[in-house]
Amino acid sequence: MKKSLFLALAVLIAVSAEAFAYVIKLKDGSLIFARTKYTVKGDRAIITLENGTVTALKLDEIDIDGSEKYNKENFGNVVAIDTPDSRKPTPAPEAPQPPRIQDYIKQNKPRMELPPSASEKAATSATGPSFGTVDPNLQGAFTRIFDGAGITQYKLTNFRGKTGLLVTTNTEEAVFNSINAAARALSNPTSRGSATTITIVMTSSSGDTAGTVEMSPEQARQLVNGQVSAADFFVRNVAL
């Protein structure tokens with residue numbers, strides 16, 4: 001019975017590793033976790049994100065050589081399965097192993113509602129200063145506001161201290177709804193103390209780019225107070 005359980009666990013880990021098999025490095029230094037390597041259509045790179053959402057980026061935004069180097073250096077880590085027949089002492093490693101892609105995915109999991117556990121904090125410190133955990137107060141505010149607005153395909157990220165929001169928007173109305181929801185989340189009392197400017201990246205489920213905007217706490221306040229409409233904010237700040 002125990003051997004069957006360990007075998008099933010090994011198969012599950014193998015399948016999970018294949019599902020998140022490629023990291024795309026952008027020229028600005030940020031990373032995108034994808035299921036497979038992107039495909040090229042014209043001047044666009046078509047990407048299937050880890051949650052299954054298909055999106056697109058301009059090909060010239062991707063650090064192609066850097067992506068290949070990153071995947072070559074960081075993939076291929078073996079996940080050891082501890083079984084009763086294989087519990088033998090092993091010598092301590094001579095040098096720290098490179099961080100695993102599974103660790104990055106765990107640290108940036110979507111819609112986190114609770115503060116990170118002690119083990120998660122330890123994993124974060126082990127991967128270096130580039131990757132951070134989204135502030136739990138901010139994450140909680142976004143979860144409540146976006147769920148209440150019926151927006152389910154979104155994710156908050158933190159890279160080098162910068163907060164990003166990835167959201168799927170298939171219509172013009174969805175774009176404006178996402179902007180208004182983000183403004184309410186940034187202005188929510190529970191997110192105070194973690195005021196930050198966020199970068200909102202919007203794409204359609206078919207992979208078309210819907211635009212990228214940056215929103216500061218002050219701009220969020222103006223949107224919530226009706227001093228500026230979501231449409232005006234989008235037109236003034238969008239970067240395609």
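Up top you'll find the structure we're talking about.
What counts and what doesn't
Residues numbered from 1 in each chain as written. Predicted model: local features only at pLDDT ≥ 70, side-chain atom pairs only at ≥ 80, totals over all residues. Heavy atoms only, no water. Core = buried A, V, L, I, M, F, W, Y, C linked by side-chain atoms within 4.5 Å. Buried < 20%, exposed > 50% of the residue type's maximum accessible area, 1.4 Å probe, protein only. Helix = DSSP H or I, 4+ residues; strand = E, 2+ residues; numbered from the N terminus. Contact = heavy atoms within 4.5 Å. Pairing = 2+ DSSP bridges. Axes fitted to C-alpha atoms, helices over the stretch in contact; angles between N-to-C directions. 1 Å grid on protein atoms, 1.4 Å probe; cavity = no way out; pocket = protein on both sides within 12 Å on 5 of 7 lines; lining within 4 Å. Points joined across faces, edges and corners; volume = space filled by probe spheres on them. Nonpolar A, V, L, I, M, F, W, Y, C, P; charged D, E, K, R; others polar.

J.: Explain the nonpolar core here, please?
T.: Grouped burial of nonpolar side chains is what soluble globular proteins tend to show. Core analysis: the largest hydrophobic core is formed by 29 residues, its most contacted members being Phe142, Phe146, Ile200 and Met215. Mapped by element, the contributors of at least two residues to this core are helix H5 (136-148), strand E6 (154-159), strand E7 (162-168), helix H6 (172-187), strand E8 (198-203), strand E9 (209-215), helix H7 (217-224) and helix H8 (230-237). Here the element with the most residues in this core is H6; it accounts for seven residues. When residues no more than four places from it in sequence are discounted, the contact partners of Ile200 are Leu165, Val167, Ala182, Gly211, Thr212, Val213 and Met215. In terms of nonpolar packing, the next biggest core, distinct from the first, is built from eleven residues, Ile24, Ile32, Ile47 and Leu49 among them.

J.: Mind showing me how you'd approach the sheet that holds strand E5 (residues 54-58) here?
T.: Within a sheet, adjacent strands bond to each other through the backbone by hydrogen bonds, running parallel or antiparallel. In space, the three strands of this open sheet follow the order E3-E4-E5, with antiparallel pairing throughout. Pairing within the sheet leaves two strands with one partner each, and these edge strands are strand E3 (39-41) and E5. Each neighbouring strand pair of the sheet contributes to a mean axis angle of 35°, computed without reference to strand direction. Of the strand pairs in this sheet, E3 and strand E4 (residues 44-48) are connected by three bridges, and their pairing is antiparallel. Pairing of Val40 across the sheet is with Ala45, part of E4.

J.: Sorry, what's going on with the layout of surface pockets here?
T.: One simple way to see leftover space: roll a probe sized like a water molecule over the atoms. Considered as a void within the structure, the largest pocket measures approximately 1200 Å³ in volume. Only strand E2 (31-34), E4, E5, E6, E7, E8 and E9 provide two or more residues apiece to the lining of the largest pocket. With seven residues, the single largest contributor to the lining of the largest pocket is E7. Taken together, the residues of the lining of the largest pocket break down into 18 nonpolar, 16 polar and ten charged.

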